[in-house]
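# Commentary on secondary and tertiary structure
Spelled out, the chains give:
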Amino acid sequence: MTSQVSNLEIDNTQTVEDFIEEESSHKEVIETVISSLDQNDTAMVNHTEQGSLWKFNYGSVEVFVQLTGETDDDLLTVWSSLLNLPAKDEPGLMRRLLEMNWTGTFETCFSIHDNKVMISAQRAVADMYPGEISRLITLVANIADDNDELLQEEFGGSS
């Protein structure tokens, strides 16, 4: 079942950062972060027995957030597709992605999945703080939006 992510009510005197640092479930934190990044109300969520999957638009990219559950063994995964393969000058593209992995991806990484260049981050839920959830979602969204059009322009393909 897919439904619109509802905007959470936040007291006007309280920042998003203050809200997510309180005792909130990982799902609540994810929805708060997404609602702060999603300016066009594009966010959707699908809750199943295997976990929850959110999708929202950020700039020129779609960002996905998956939470398998709330136990220490569960995972938070955030990803976005940047470029469809094949691309022109794939050896040059691979070199660029490896160089970018070293210099500017922080806890994220570039990879290839299903013939697409992706940016992603994954972390176990154990001992995860709300600020880490916010950081991972924000990093993937920003790095994807900052690089998708540049990579498409230089190496072809599409998002």
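What comes next concerns the included structure. (Residues numbered from 1 in each chain as written. Predicted model: local features only at pLDDT ≥ 70, side-chain atom pairs only at ≥ 80, totals over all residues. Heavy atoms only, no water.)

### As for helix α3 (residues 90–103)
- With 14 residues, α3 should cover 20 Å at 1.5 Å per step; its first-to-last C-alpha distance of 20 Å lies within 8% of that length.
- Taken together, the buried positions of α3 are L93, L97 and M100. Projected down its long axis, α3 shows its buried positions confined to an angular sector of 65°, all on one face. Pointing more than 90 degrees away from the buried face of α3 are the exposed residues P91, R95, L98, W102 and T103.
- Those residues of α3 that are buried are in contact with β5 (75–84), β6 (109–113), β7 (116–124) and α4 (130–155). (Helix = DSSP H or I, 4+ residues; strand = E, 2+ residues; numbered from the N terminus. Expected span 1.5 Å × (residues − 1). Buried < 20%, exposed > 50% of the residue type's maximum accessible area, 1.4 Å probe, protein only. Arc of directions from axis to C-beta. Contact = heavy atoms within 4.5 Å.)

### What about the environment of N147?
- Tracing the backbone shows N147 in helix α4.
- Given the relative accessible area of 15%, N147 is considered buried.
- Sequence separation between N147 and L82 is 65 residues, and the spatial gap between their C-alpha atoms is 7.4 Å.
- Setting aside residues no more than four positions away along its own chain, N147 makes contact with M100 and F110.

### Let's talk about the side chain of T32
- Following the sequence through the fold, T32 ends up in helix α2 (residues 26–37).
- On the basis of relative accessibility, which here comes to 1%, the residue T32 falls in the buried class.
- Within polar-contact distance, the side chain of T32 engages the backbone oxygen of E28 at 2.8 Å. (Polar contact = N/O pair within 3.5 Å; in protein donor to acceptor, adjacent residues only side chain to side chain.)

### Here we look at the pattern of salt bridges
- According to the stated counting rule, one finds five salt bridges in the structure shown.
- One salt bridge connects E62 with K55, and the closest N-O pair in it is separated by 3.6 Å.
- You can call K55 partly exposed: its relative accessible area is 32%.
- Put simply, E107 and R135 hold a salt bridge, and the shortest N to O gap is 2.7 Å. Remark: R135 occurs in helix α4 and E107 occurs in the loop between α3 and β6; sequence separation between them is 28 residues. (Salt bridge = Lys/Arg side-chain N within 4 Å of Asp/Glu carboxyl O.)

### Description of the packing of aromatic side chains
- Within this structure, the stated rule accounts for one aromatic pair.
- The ring centre of F106 lies 5.6 Å from the NZ or CZ of R135, which sits over that ring. (Phe/Tyr/Trp six-rings, centres within 6.5 Å; stacked < 30°, edge-to-face > 60°. Lys NZ or Arg CZ within 6 Å of the ring centre and 35° of its normal.)

### A short note on the nonpolar core
- Membership of the largest hydrophobic core comes to 39 residues, with the highest contact counts inside it found for I30, F56, V65, L76, L93 and I137.
- Within the residue set of this core, elements represented by two or more residues are α2, β3 (51–58), β4 (61–67), β5, α3, β7 and α4.
- The element contributing the most residues to this core is α4, with ten residues.
- Contacts of F56, omitting those with residues within four sequence positions, involve I34, L37, D38, T42, A43, V61, E62, V63, V65 and I137. (Core = buried A, V, L, I, M, F, W, Y, C linked by side-chain atoms within 4.5 Å.)

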